[in-house]
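Structure assessment
Residues per chain, in single letters:
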Amino acid sequence: MPQAEALHFTGDPEADAFLAASPLALLIGFVLDQQITVQKAFSSPLELSKRLGGALDATAIAAMDPDALVEAFREKPALHRFPANMARRVQEHCAFLVRDYGGDPAAVWKGARDGAELERRLLELPGIGEMKARTMMGVLAKRLGVRPEGWEAFAPTHESLGDVDSPEALAEYQAAKRARKAAYRAKEST
């Protein structure tokens, strides 16, 4: 399966293309994807790259003065609802990538022998929990052609960002996600 030219997560063609082209942008988007919209989380890596001089580099971010990174996150419009906390998480994430993968974010999936190893590698990433790891597995396999043997056992069985292949599909995904959450809340309240 060929790699998608864009990941339609933001509604901004430039940000969507950046996510498909930059493994670090994709990982940072997943780190930021909490308590803000999908569109904001995944458009913020492009904006961060602009604020840092036009590129995202795990080694450079890991080595940055933490206060300077916080300021890049806080600059208006802020990159996240909690800019200081998320700047720290992104820096921890990048430091991990430098320490364990030589600063190459794509090495997380390029070297995985099978789905189980890829899931383990994703779960080791700071800021990535089980739900995000499963969603990432779906995105990597369905949108970016990363399909280690057995990946299907670790991907979501419900509609996820991995199924989003157009702006219309993003709207459908978000509606389905809201419906799932509503059904879960209704079930929990009975």
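Calculation rules
- Residues numbered from 1 in each chain as written.
- Predicted model: local features only at pLDDT ≥ 70, side-chain atom pairs only at ≥ 80, totals over all residues.
- Heavy atoms only, no water.
- 1 Å grid on protein atoms, 1.4 Å probe; cavity = no way out; pocket = protein on both sides within 12 Å on 5 of 7 lines; lining within 4 Å.
- Points joined across faces, edges and corners; volume = space filled by probe spheres on them.
- Helix = DSSP H or I, 4+ residues; strand = E, 2+ residues; numbered from the N terminus.
- Nonpolar A, V, L, I, M, F, W, Y, C, P; charged D, E, K, R; others polar.
- Expected span 1.5 Å × (residues − 1).
- Bend = angle between axes of the 7 residues up to and from the residue.
- Buried < 20%, exposed > 50% of the residue type's maximum accessible area, 1.4 Å probe, protein only.
- Contact = heavy atoms within 4.5 Å.
- Salt bridge = Lys/Arg side-chain N within 4 Å of Asp/Glu carboxyl O.
- Core = buried A, V, L, I, M, F, W, Y, C linked by side-chain atoms within 4.5 Å.

All right, on to the layout of surface pockets then. Estimates place the volume of the largest pocket at around 500 Å³. Lining the largest pocket are 15 residues, with Met131, Thr135, His158, Tyr173 and Lys177 sitting closest to its centre. The set of elements that each furnish at least two residues to the lining of the largest pocket consists of helix 9 (130-144) and helix 10 (167-189). Across the lining of the largest pocket, the residue classes break down as five nonpolar, three polar and seven charged.

Taking 1.5 Å of rise per residue, the 14 residues of helix 3 (residues 38-51) would be expected to cover 20 Å, and the 20 Å separating its terminal C-alpha atoms lies within 8% of that figure. Its axis deflected by about 30° at serine 44, helix 3 carries its strongest bend there, up to four residues before the proline proline 45. If you check which residues of helix 3 are buried, you get Val38, Ala41, Phe42, Ser44, Pro45, Leu46, Leu48, Ser49 and Arg51. Contacts made by the buried residues of helix 3 are with helix 1 (13-21), helix 2 (23-32), helix 5 (66-74) and helix 10. Looking one or two residues beyond helix 3, the residue adopting positive phi is glycine 53, at roughly 100°.

With respect to the helices and strands, the residue glycine 162 is situated in the loop between helix 9 and helix 10. Take glycine 162: its relative accessible area is 0%, and that puts it in the buried class. Residues in contact with glycine 162, not counting those within four places in the same chain, are Gly138, Val139, Lys142 and Arg143.

Under the defined criterion, the tally for this structure stands at eleven salt bridges. A salt bridge links aspartate 100 to arginine 99, with the shortest nitrogen-to-oxygen separation between them at 2.7 Å. Two residues, arginine 113 and glutamate 117, come together in a salt bridge whose shortest N-O distance is 3.1 Å. On the accessibility criterion, arginine 113 (66% relative accessible area) is exposed. Through salt bridges with shared partners, a single network forms among Arg113, Glu117, Arg120, Arg121 and Glu124.

With that settled, consider the nonpolar core. Grouped together as the largest cluster of nonpolar side chains are 61 residues, with contacts concentrated most on Phe9, Phe42, Phe73, Leu125 and Leu161. Leave out the neighbours within four places in its chain, and leucine 161 touches Phe9, Phe30, Val38, Phe42, Thr135, Val139, Leu170 and Tyr173.

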